[in-house]
Amino acid sequence: MSIKRLAVMSSISLLLGACGILPSNPALQTYQLPAGSTPIQVSMSSKSLSIPEPYANRVINHQRVAVVLDSLEVQAYEGIRWEDTAPKVFRDRLVEDFRRANAYKTVLINDEQVTVDRSLRLDMQAFQLQYKEKKPYVVIAVGVTLINRLSGTVLAAKTFHIEREVPNVNVDTIMPTFAQAVDQINADIISWTRQNDR
């Protein structure tokens, strides 16, 4: 091997060593939903309620914040993620709000080892930032089914939907808007559940 070729190969090795063959992945900031603040006034039931992990499609069943453009193209908001998958983040906050409202004597997230009176099954249909005519909105949609676990019958079912316009797409604006939307939809779900649990 010639001295010239060795010099060229040595220069390439030094360049790759300095720059790196693959770019490093940028760190993602992790966000939680803050605790609920909307007052929820319902009568307390002596029954027990379980809220298992929701069903969700691939668009929202992950930690990244989904963004749906006007063209219906789905992207992930750059640089941020939820602390858990979006359906679990929503479910955990709903459990907290049920407990905060004292709606049931016992509220569980896992009922595999115990007998419970009622179960709330969730079908997460949307939990995303969505553009409509170039305006960004937080959109949350969830199908809810209330089940009598003792008899196996469906007591009621309804789809809840909420949209909140976001003034701008800064993270400091988007996250509080998600929290406000969750506050409202959870209050609606809790009131509806108690009204239909007969």
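Since the model is a prediction, treat every value here as computed from it, not as a measurement.

Novice: Outline the packing of aromatic side chains, listing residues and values.
Specialist: Enumeration over the complete set of coordinates arrives at six aromatic pairs. Summarising the aromatic geometry, the rings of Phe90 and Phe127 are spaced 6.1 Å apart at their centres and angled 70 degrees between planes, so their arrangement reads as edge-to-face. Here the residue Phe90 occupies a position in helix α2 (residues 86-100), and Phe127 occupies one in strand β7 (residues 118-132), the gap between them amounting to 37 residues. Judged by its relative accessible area of 0%, Phe90 is buried. The class of Phe127 is buried, set by a relative accessible area of 1%. When the ring of Phe160 is compared with that of Trp192, the centres are 5.6 Å apart and the planes differ by 80 degrees; the resulting orientation is edge-to-face. Here Trp192 lies in helix α3 (residues 171-196) and Phe160 lies in strand β9 (residues 153-165), a separation of 32 residues in the sequence. We note that Phe160, like Trp192, is buried. Aromatic ring contacts, followed pair by pair, group Trp82, Phe90, Phe127 and Phe178 into a single cluster. One residue, Arg194, lies across the ring of Tyr104, its end atom 5.4 Å from the ring centre.

Novice: Quick one: what's the story with unusual backbone geometry, residue by residue and with numbers?
Specialist: Trans is the prevailing form of peptide bonds, just as negative phi is the prevailing case for residues other than glycine. A positive phi angle, near 75 degrees, is found at Leu72, a position not held by glycine. Take Leu72: it is sitting in the loop between β4 (64-68) and β5 (74-82).

Novice: Account for α2, with residues named and values stated.
Specialist: Here α2 spans 21 Å end to end across 15 residues, near enough to the 21 Å set by a 1.5 Å rise per residue. Those residues of α2 lying buried are Ala86, Pro87, Val89, Phe90, Arg91, Arg93, Leu94, Val95, Asp97 and Phe98. Just downstream of α2, Asn102 is the residue with a positive phi angle, here 55 degrees.

Novice: Give me the packing of α2 against α3: which residues, what numbers.
Specialist: The contact between α2 and α3 brings their axes to 10 Å, and the two run at 55 degrees. It follows from the interaxial angle that α2 and α3 lie oblique. Helix-helix and strand crossings are classified by hand; for α2 and α3 the assignment is right-handed. Between α2, through Phe90, Arg93, Leu94, Asp97 and Phe98, and α3, the contact on the second element is made entirely by Ala179, Val182, Asp183, Ile185, Asn186, Ile189, Ile190 and Thr193. Among the residues forming the contact of α2 with α3, the class breakdown is eight nonpolar, two polar and three charged.

Calculation criteria
Residues numbered from 1 in each chain as written. Predicted model: local features only at pLDDT ≥ 70, side-chain atom pairs only at ≥ 80, totals over all residues. Heavy atoms only, no water. Phe/Tyr/Trp six-rings, centres within 6.5 Å; stacked < 30°, edge-to-face > 60°. Helix = DSSP H or I, 4+ residues; strand = E, 2+ residues; numbered from the N terminus. Buried < 20%, exposed > 50% of the residue type's maximum accessible area, 1.4 Å probe, protein only. Lys NZ or Arg CZ within 6 Å of the ring centre and 35° of its normal. Expected span 1.5 Å × (residues − 1). Axes fitted to C-alpha atoms, helices over the stretch in contact; angles between N-to-C directions. Parallel < 35°, antiparallel > 145°, perpendicular 65-115°, else oblique. Left-handed = near helix turned anticlockwise from the far one by under 90°. Contact = heavy atoms within 4.5 Å. Nonpolar A, V, L, I, M, F, W, Y, C, P; charged D, E, K, R; others polar.

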